[in-house]
Every structure is written in C-alpha cells, then in structure tokens.
Amino acid sequence: MQDLLYELAISTAEVASVMLVDKRPADLGVAYTKSSSTDVVTEMDKASERLIVDRIRAARPGDAFLGEEGGESGGSSGVRWIVDPIDGTVNYLYGLPDWSVSIAAEVDGEVVVGVVAVPMRGELYTAARGQGAHLMREDGSSERLRCNTGVSLDKALVATGFGYSAERRAHQAESLMGVLPRVRDIRRGGSAAVDLCSVAAGRIDAYYERGPQEWDFAAGTLIVQEAGGTVGGLHGTPPSAELTIAAGPDLFPPLHDLLDEVGAARG
Ligand code: IPD
C-alpha cells in the first residue's frame, strides 16, 4: 500500500504544481499587496487544495484529510493525507521561487510517505518510510539525499521562519539574538517545507521554528529522517507548533540545548 500512496502523492503534487504555475496571475506581485493580494493567494491556496483532495479522493474515497485550508475531514480507511497546498504563500505572491506543495500520507497515525514539490526550482523531494529520501529533477535525473553530518554548532548554517503575529515575531527576534552569534549564519527562506528539504539535501545544516503546523512539516519531517537526519521538539517531544528542530544527528543535541537556553519555544 505504501507504494501506491507514494505514487499517488507524487503525481498529485505534480498536477497541483502545474496548475499553480499556469494559473498564477501574470501581474501578481508586490503591487498587488496594496489591494487584493491576500485574496488572490487565498484563492490559489483553495484551488490547489481542492485539486489535491478531489484527485486523491477519486482514487481513494475512504481516506481522511488534514489540509491548511479545509481542516480535518474524516475517513475510515486508516489513511490520512496531510496537505499544504502552497507552503510559502508570501514567496508565491512576490514571485520568489521558494514555495512548495507539500503532501504527506499517514497510515494508522504514522507518516509513511512525504512529497514536497518546488516547481520554480524544477525539484521534487520524496520519501517513503524505510526507503530513503530522493530528489528528482525536471530533467529526469535523481539522487538519494543525505543530510550533513560532522558539523559543529558554530559552523552550522541554520534556517528559521517567523510567524504572522507581531507578538510571536517579537519573541522570535529575541531568541534569534541568542542564536545568531553562536552559529555560522541564519537563513529565512519562507517555506518551512522547503527548509526541511534543504536540510535533507545538505544545502543547510539545520532548521528550527516555533509555530509551524502539521501541514507545514509532515512531509518534510519524513524526508529529513529518511535522509539520516533528526527531527523533534524540545526534550524528546515530537515536532510541533511549540518548536520544530531538524538537523543531522550530531548537530541536533547542541542546537536543541541552545534553543532551549534562548527560549525559542516561548511566545
Ligand atoms: C509559512 C511558511 C514559512 C513559515 C511560517 C509558515 P504558509 O507557511 O512555511 O516559512 O515561517 O511559519 O506559516 O503560510 O506560507 O503556508
């Protein structure tokens, strides 16, 4: 069954990606932010999620869904799909390339398949539990992913993200002040799912954020784990909105302790 879910997740992420690229209004961009920008992006988010859910439901009518736009809907098959129809909506709005379609499939509560499509980079990141994580490119080439190991905290390139509320951001800025002097540098890419794939691909060493939701990190978490990385929250808890940390297995403990020390899970 895992293979079927894997194929369905890949083909659905590809179809949604094509729609989002083709239907993105040509004049969407910074100017739009003054008037109806958020509505346009919300419409594209909704259209993408509708397409994804309809396509999967046509193939598997008994499955449940958790989507950023549509919330929870029940099913009796034991399979639940966790969908972020556009992760990195602000990048999508501005025409920046790092936005993604993220689809995970869970069987009896365990994520077994994760797919993150990054259409503007022509990249598709995939993982099936126990079968590794892969990057497939538009030109047909593919590679197995391995996250970086042997990186000390002071040499680590660390991505993070910020929430939408001003209060949350003030706390995030405060804890970031404690992180920045202790690592190589910080990146803010704008899509949690892409950040997780970048950890898996060794393009960055780690990612952490307070606030991401299940749809932001479900697929990316499996991709990091299958690339040999560790994903979790504070003190042995699973990744969650409280705090999600992803890194190579040897970098995870010192980064975890630093984030705990600076109060990255507060606010
Ligand atoms: C957001 C992105 C961003 C992260 C935010 C998320 P959205 O998702 O993943 O990188 O910092 O926490 O909410 O809103 O673009 O789907």
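Residues numbered from 1 in each chain as written. Predicted model: local features only at pLDDT ≥ 70, side-chain atom pairs only at ≥ 80, totals over all residues. Heavy atoms only, no water.

> Explain the side chain of D87 to me, and be specific about the residues and the numbers.
Within the secondary structure, D87 sits in strand β3 (residues 79-87). In this structure, D87 is buried with no salt-bridge partner, the nearest side chain bearing the opposite charge being R188 at 8.1 Å. Among the polar contacts listed, one links the side chain of D87 to the backbone nitrogen of A192, at a separation of 2.9 Å. Contacts of D87, omitting those with residues within four sequence positions, involve D98, W99, S100, S191, A192, A193, V194 and D216. (Helix = DSSP H or I, 4+ residues; strand = E, 2+ residues; numbered from the N terminus. Buried < 20%, exposed > 50% of the residue type's maximum accessible area, 1.4 Å probe, protein only. Lys, Arg positive; Asp, Glu negative; His and termini not counted. Salt bridge = Lys/Arg side-chain N within 4 Å of Asp/Glu carboxyl O. Polar contact = N/O pair within 3.5 Å; in protein donor to acceptor, adjacent residues only side chain to side chain. Contact = heavy atoms within 4.5 Å.)

> Lay out the pairing of strand β13 (residues 244-247) in plain terms, naming residues and giving numbers.
Burial along β13 is two-sided: the face carrying T244 and A246 and the face carrying I245 and A247 are both buried. When strand β11 (residues 206-209) meets β13, the two strands line up antiparallel, connected through four bridges. Residue pairing in the sheet places A206 in a bridge with A247 of β13. Here strand β12 (residues 230-232) pairs with β13 via three bridges, running antiparallel. The partner of V231 across the bridge, within β13, is A246. (Pairing = 2+ DSSP bridges.)

> An account of the pairing of β11 is needed here, citing residue identities and associated values.
Residues A206 and Y208 of β11 are buried on one face, and the alternating residues Y207 and E209, pointing to the opposite face, are buried as well. Relative to β11, strand β9 (residues 157-160) is paired through three bridges, and the arrangement is parallel. Among the inter-strand pairings, T160 is bridged to a residue of β11, identified as Y208.

> Give a detailed account of the packing of aromatic side chains, specifying residues and quantitative values.
Under the counting rule described, the total for this entry stands at one aromatic pair. Consider the rings of Y92 and W99, whose centres lie 4.8 Å apart with planes at 85°: the pair is edge-to-face. The residues Y92 and W99 share a single accessibility class, namely buried. Looking at R24, its charged tip hangs above the ring of Y92, at a distance of 5.7 Å from the centre. (Phe/Tyr/Trp six-rings, centres within 6.5 Å; stacked < 30°, edge-to-face > 60°. Lys NZ or Arg CZ within 6 Å of the ring centre and 35° of its normal.)

> Give me the sheet that holds strand β2 (residues 71-73): which residues, what numbers.
Taken in spatial order, the eight strands of this open sheet run β2-β1-β3-β4-β5-β6-β7-β8, and their pairing is mixed. The open sheet has two free edges, formed respectively by β2 and β8 (142-144), since each of these has just one partner strand. For this sheet, the mean angle separating the axes of adjacent strands, direction not counted, is 15°. In terms of strand pairing, strand β6 (residues 123-128) meets strand β7 (residues 133-137) through five bridges, oriented antiparallel. Directly across from E123, in β7, lies its bridge partner R137. Each of β3, β4 (100-107), β5 (110-118), β6 and β7 touches helix α1 (residues 2-23); the most contacted strand, β5, lies at about 25° to it. Contacts from helix α6 (residues 214-226) reach β1 (64-67), β3, β4, β5, β6, β7 and β8 within the one sheet, and its direction differs from that of β5 by about 100°. (Axes fitted to C-alpha atoms, helices over the stretch in contact; angles between N-to-C directions.)

> Go over the layout of surface pockets, please, and point to the residues and values.
Considered as a void within the structure, the largest pocket measures approximately 690 Å³ in volume. What lines the largest pocket is a set of 34 residues, and nearest its centre among them are E68, D87, T89, F162 and Y164. For the lining of the largest pocket, the secondary structure elements donating two or more residues are α2 (37-59), β3, α3 (89-94), α4 (166-179), α5 (192-200) and α6. It is α2 that contributes the most residues to the lining of the largest pocket, five residues altogether. Here the lining of the largest pocket is composed, by residue class, of nine nonpolar, 13 polar and twelve charged. The computed volume of the second largest pocket comes to approximately 250 Å³. As for the second largest pocket, its lining consists of 14 residues, of which E14, S17, P119, G122 and E138 are closest to the centre. Secondary structure elements with two or more residues in the lining of the second largest pocket: α1, β5, β6 and β7. With five residues, α1 is the single largest residue contributor to the lining of the second largest pocket. (1 Å grid on protein atoms, 1.4 Å probe; cavity = no way out; pocket = protein on both sides within 12 Å on 5 of 7 lines; lining within 4 Å. Points joined across faces, edges and corners; volume = space filled by probe spheres on them. Nonpolar A, V, L, I, M, F, W, Y, C, P; charged D, E, K, R; others polar.)

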